[in-house]
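Residues per chain, in single letters:
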Amino acid sequence: MSIAFGKRTSQQHRQDRIEQQSRKIFLSNHFNFWRIRYMDYASKFDEIFRETEVSLRRLRRLSTEDFAIMKTQVENLRDARQYDLMSKLAEAICRHDPEDAKNRRLYAQCLIELGNVTAAIDVLNALRARPNLKPSEYAEAGGLLGRAYKQIFHELSDKASPEARDALRSAIASYREPYEADPALTWHGGLRVHCEMLQVGEGMATPGWQIGSSSLMPYRSAKAERP
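Residues numbered from 1 in each chain as written. Predicted model: local features only at pLDDT ≥ 70, side-chain atom pairs only at ≥ 80, totals over all residues. Heavy atoms only, no water.

## A closer look at the overall build of the protein
We count it as follows: Strands are runs of DSSP state E lasting at least 2 residues, helices are runs of H or I lasting at least 4, and numbering of each runs from the N terminus. Accessible area is worked out with a 1.4 Å probe on protein chains only. A residue is then buried under 20% of its type maximum, exposed over 50%, and partly exposed in between. Contact between two residues is taken to exist if any of their heavy atoms lie within 4.5 Å; hydrogens are not considered. Accessible areas in this description were obtained via Shrake-Rupley with a 1.4 Å probe; residue shielding takes into account the shown protein chains only.
On a plain count of helices and strands, the protein comes out with nine helices and zero strands. When the helices and strands of the protein are placed in sequence order, the string is α-α-α-α-α-α-α-α-α. A buried classification covers 36% of the 227 residues belonging to the protein. For the protein, the proportion of contacts with a sequence separation of at least 24, taken over those separated by at least 6, is 55%. When the accessible surface of the protein is summed, it comes to about 14,600 Å², and 53% of that surface belongs to carbon and sulfur atoms.

## Focus: the packing of aromatic side chains
Operational definition: The pairing test for Phe, Tyr and Trp rings, Trp by its six-membered ring, is centres within 6.5 Å, and the orientation test on the planes gives stacked under 30 degrees, edge-to-face over 60, and tilted for anything in between. In this scheme, the term charge over a ring applies when either NZ of a lysine or CZ of an arginine sits within 6 Å of the ring centre and within 35 degrees of the ring normal.
Within the structure shown, the criterion is met by zero aromatic pairs. One cation-aromatic arrangement involves arginine 128 over tyrosine 138; the distance from NZ or CZ to the ring centre is 4.2 Å.

## Digging into helix H2 (residues 67-79)
This is how the line gets drawn: One fewer than the residue count of a helix, multiplied by 1.5 Å, yields its expected span. It is the directions from the helix axis to the C-beta atoms whose arc is reported.
In a regular helix each residue adds 1.5 Å, so 13 residues correspond to 18 Å; H2 covers 19 Å between its end C-alpha atoms and thus fits that length. Among all positions in H2, only Phe67, Met70, Lys71, Gln73, Val74 and Leu77 are buried. Within H2, the buried residues cover an arc of 150 degrees as seen down the axis, which keeps them to one side. Across H2 from its buried face, at more than 90 degrees, point the exposed residues Ala68 and Asp79. Of the residues one or two after H2, arginine 81 is the one with positive phi, at around 60 degrees.

## Some points on the pattern of salt bridges
This is how the line gets drawn: Think of a salt bridge as a Lys or Arg side-chain nitrogen and an Asp or Glu carboxyl oxygen that are within 4 Å of each other.
Per the counting criterion, the structure on display carries 14 salt bridges. Where arginine 147 meets glutamate 113, a salt bridge forms, and the shortest distance between an N and an O atom there is 2.6 Å. Linking arginine 147 in helix H6 (residues 135-155) with glutamate 113 in helix H4 (residues 101-113), this pair joins segments that are 34 residues apart in sequence. On the basis of relative accessible area, arginine 147 is assigned to the partly exposed category, the value being 28%. In the salt-bridge network here, residues are joined through shared partners; they are Glu75, Arg78, Asp79 and Lys102.

## Here we look at unusual backbone geometry
Positive phi, normally seen in glycine, also occurs at arginine 81, with a value near 60 degrees. In this structure, arginine 81 sits in the loop between H2 and helix H3 (83-96). Under the relative-accessibility criterion, arginine 81 is labelled exposed at 56%.

## Describing the nonpolar core
Stated precisely, the cut-off is as follows: Among buried residues, those of type Ala, Val, Leu, Ile, Met, Phe, Trp, Tyr and Cys that are joined through side-chain atoms within 4.5 Å constitute a nonpolar core.
Within the largest apolar cluster, 42 residues are counted, with the highest numbers of intra-cluster contacts made by Val74, Met86 and Leu124. Counting only elements with at least two residues in this core, the list comes to H2, H3, H4, helix H5 (117-128), H6, helix H7 (162-181) and helix H8 (186-201). Apart from the residues lying within four places of it in its own chain, the contact partners of methionine 86 are Val74, Leu77, Arg78, Leu106 and Cys110.

## Concerning the confidence of the model for the protein
Keep in mind that low pLDDT regions are not for reading the predicted coordinates in detail. Heads up, the condition is: Values of pLDDT, ranging from 0 to 100, describe the predictor's confidence in every residue of the model.
Scored by pLDDT, the protein has a mean of 78; 67% of the residues are at 70 or more. This model gives residues 1-5 a pLDDT under 50, and the stretch forms zero contacts once residues within four places in sequence are excluded. Throughout residues 209-227 the model reports pLDDT below 50, and contacts reaching past four residues in sequence, or to other chains, amount to 23 contacts.

## A word on the side chain of serine 174
Stated precisely, the cut-off is as follows: Polar contact criterion, stated in full: a pair of N or O atoms within 3.5 Å, where within protein one must be able to donate a hydrogen and the other to accept it, and residues adjacent in sequence count only if both atoms are side-chain atoms.
Position of serine 174 among the secondary structure elements: in helix H7. Among the polar contacts made by the side chain of serine 174, one reaches the main-chain carbonyl oxygen of serine 170 at a distance of 2.8 Å. For serine 174, the residues in contact, after removing those within four places along its chain, are Gly142, Leu145, Gly146 and Tyr149.

## A short note on the packing of H4 against H5
Note the threshold: Comment: axis = line fitted to C-alpha atoms, over the contacting stretch for helices; angle = value between 0 and 180 degrees taken between N-to-C directions. Our angle categories are set so that under 35 degrees counts as roughly parallel, over 145 as roughly antiparallel, 65 to 115 as roughly perpendicular, and the remainder as oblique. Crossing handedness: left-handed means the near helix sits turned counterclockwise from the far one by under a right angle, and right-handed means the same turn made clockwise. Just so you know the grouping, Ala, Val, Leu, Ile, Met, Phe, Trp, Tyr, Cys and Pro go in nonpolar, Asp, Glu, Lys and Arg go in charged, and all remaining residues, Gly too, go in polar.
Between H4 and H5, whose axes approach to 8 Å, the crossing angle comes to 160 degrees. Here H4 lies roughly antiparallel to H5, going by the angle between them. Relative to H5, H4 is oriented so that their crossing is left-handed. Listed contacts from H5 to Ala101, Arg104, Arg105, Ala108, Leu111 and Ile112 of H4 are Val117, Ala119, Ala120, Val123, Leu124 and Leu127. Of the residues in the contact of H4 with H5, the class split is 10 nonpolar, no polar and two charged.

If you want it as structure tokens, here you go:
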């Protein structure tokens, strides 16, 4: 059986040209949009880099008024995910103001991001041992400590090893303590449940809760609050 194909009409050819032109315009606009976004980000990062380099030079002859600006720059570098430069500035500030708990905690976060997890654990444990540490900073440090231990667990190839089991147990304990002290810290509660689910998944423990029970509410709340 033969199938007869009709010739394309001039109207169809025009329609094809219009569609091709539309695709070109779309791709061009899409490319320009992301090029502009990239240039904006690059310009922002360049500005942060310049400010940080100035701050590092000023630290050699630091005055008290400079600290607030420099500590803000540490947070800006964290938000820009420029952890190498962040570590240099946070380290320099720690030397001049070792009692600043927030900067110390940000320094520990930076160490985790750079892969220096055990060093971060030492910094966080020392920070949490301070007698007059604010509860909010204690909780933030506990969350980072849990993240550090969880990272150790994920990076170990043998999830059944004693090191992996200890790391996951330490992560759960680090998340559990702040959440039990303040149930409003749903992010900590959700991450604790996540780690407990990892334990169950690896055959390390039997769940003490049922799917759909109120014990999983912190996990649902945390997912809703943080994307």
